[in-house]
There are 2 protein chains.
Amino acid sequence: MNAKQSKASIRWNGKLEDGFGSLSTESGVLNDEVVTWSARTGNASGMGTNPEEMLAAAHATCFAMSLAHRLDDDGYDASDIDVTATCFLDRQQFGGIAIKRMELDVTASIAGLDEPRFQEIAEKVELHCPVTKAISGNVTVHVDAHLRKLATA
Amino acid sequence: MNAKQSKASIRWNGKLEDGFGSLSTESGVLNDEVVTWSARTGNASGMGTNPEEMLAAAHATCFAMSLAHRLDDDGYDASDIDVTATCFLDRQQFGGIAIKRMELDVTASIAGLDEPRFQEIAEKVELHCPVTKAISGNVTVHVDAHLRKLATA
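The shown structure was predicted, so the numbers you read here are calculated from the model rather than taken from an experiment.

Basis of the calculations
- Residues numbered from 1 in each chain as written.
- Chains lettered and ligands numbered in written order.
- Predicted model: local features only at pLDDT ≥ 70, side-chain atom pairs only at ≥ 80, totals over all residues.
- Heavy atoms only, no water.
- Least-squares fit on C-alpha atoms with pLDDT ≥ 70 in both.
- Contact = heavy atoms within 4.5 Å.
- Helix = DSSP H or I, 4+ residues; strand = E, 2+ residues; numbered from the N terminus.
- Pairing = 2+ DSSP bridges.
- Axes fitted to C-alpha atoms, helices over the stretch in contact; angles between N-to-C directions.

Draft legend 1. Looking closely at the relation of the copies chain B and chain A. Rotating chain B by 180 degrees and moving it 0.0 Å along the rotation axis overlays it on chain A with an RMSD of 0.0 Å. One copy is carried onto the other by what is essentially a two-fold rotation axis. Closest approach to the rotation axis within chain B is made by the C-alpha atom of I135 of chain B, at a distance of 2.3 Å. In this assembly, 100% of the residues forming the interface of chain B have copies in chain A that are likewise at the interface, indicating an isologous arrangement.

Spelled out as structure tokens, the structure:
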């Protein structure tokens, strides 16, 4: 089996609430980025990133790639495939936290495709996207797909 | 229910193999970062990030925060908690890809804790970390935890 490995590393110092992490990835796209509990649970802007934002980045990216592949396979010429992923972190009873829901908002410009067929394709892609499969059974994924109106000549 | 939302967005253009994405997150930590198929499946350095790298970033971050919390709760004073997550993307028969394994390599400096007890704590943390729970049943998680040798006075 041919497996590609992708790596990320964090160094954490301090307690959960007032400590912070420094997060980097192998590609260098993340390079000592700040991670804090307040960025995870509050509305603190400028407080860095958090696990759910990274999971949303993983899912949006994976879905966009899967959709591009599927549309090409089906003979469609797509452009500007936009995917926004929103990851919900629930506060639970007794102080716990849990990731239970991911929403994917999908828009694209595709000639020769109607809205119902696009939604059908998006739903199929959602089932086969590797990140969806990785969180299947644990996190509910909701896909909202719409075609962008094309300018008429 | 009090749910914190975290968002990431990508715009993809072109086919899967030779197109590319531009990935951003709400916090600004990712800002129009390049995503490519070759970064996902090959050894291409400088080709940007990929979904598995983002998933590794989510898991490393979540685990480090969970471990910091647990050690503090148990009365230990930890410093330099290092977590490296490696996400494996398998090529499957018939051209499919799947995320089946994540490895977490954990090192920390903690006074008054021995190696077996640290490993026990790390294994418990692994079960309760929200990202582990999100991928539970789909992705095998392996944790390798070691104490860093402390300098003796």
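Draft legend 2. The environment of I121 of chain A, seen in detail. Considering the arrangement of structural elements, one finds I121 of chain A in helix α3 (residues 115-128). As a C-alpha pair, I121 of chain A and D74 of chain A span 47 residues in sequence and 9.5 Å in three-dimensional space.

Draft legend 3. Quick peek at the sheet that holds strand β5 (residues 97-110) of chain A. Reading across the sheet, the six strands line up as β6(A)-β5(A)-β4(A)-β1(B)-β2(B)-β3(B) and stay open at both edges, with mixed pairing between neighbours. One side of each edge strand has no neighbouring strand; the edge strands of this open sheet are β6 (140-147) of chain A together with β3 (33-35) of chain B. On average, adjacent strands in this sheet sit at an angle of 20 degrees to one another, irrespective of strand direction. Of the strand pairs in this sheet, strand β1 (residues 3-13) of chain B and strand β2 (residues 20-25) of chain B are connected by six bridges, and their pairing is antiparallel. Bridging across to β2 of chain B, A8 of chain B finds its partner in T25 of chain B. The strands that helix α2 (residues 51-73) of chain A touches are β4 (78-91), β5 and β6 of chain A together with β1, β2 and β3 of chain B; relative to β1 of chain B, the one it contacts most, it runs at about 35 degrees. Here α3 of chain A sits on the sheet in contact with β5 and β6 of chain A, set at roughly 150 degrees to β6 of chain A.

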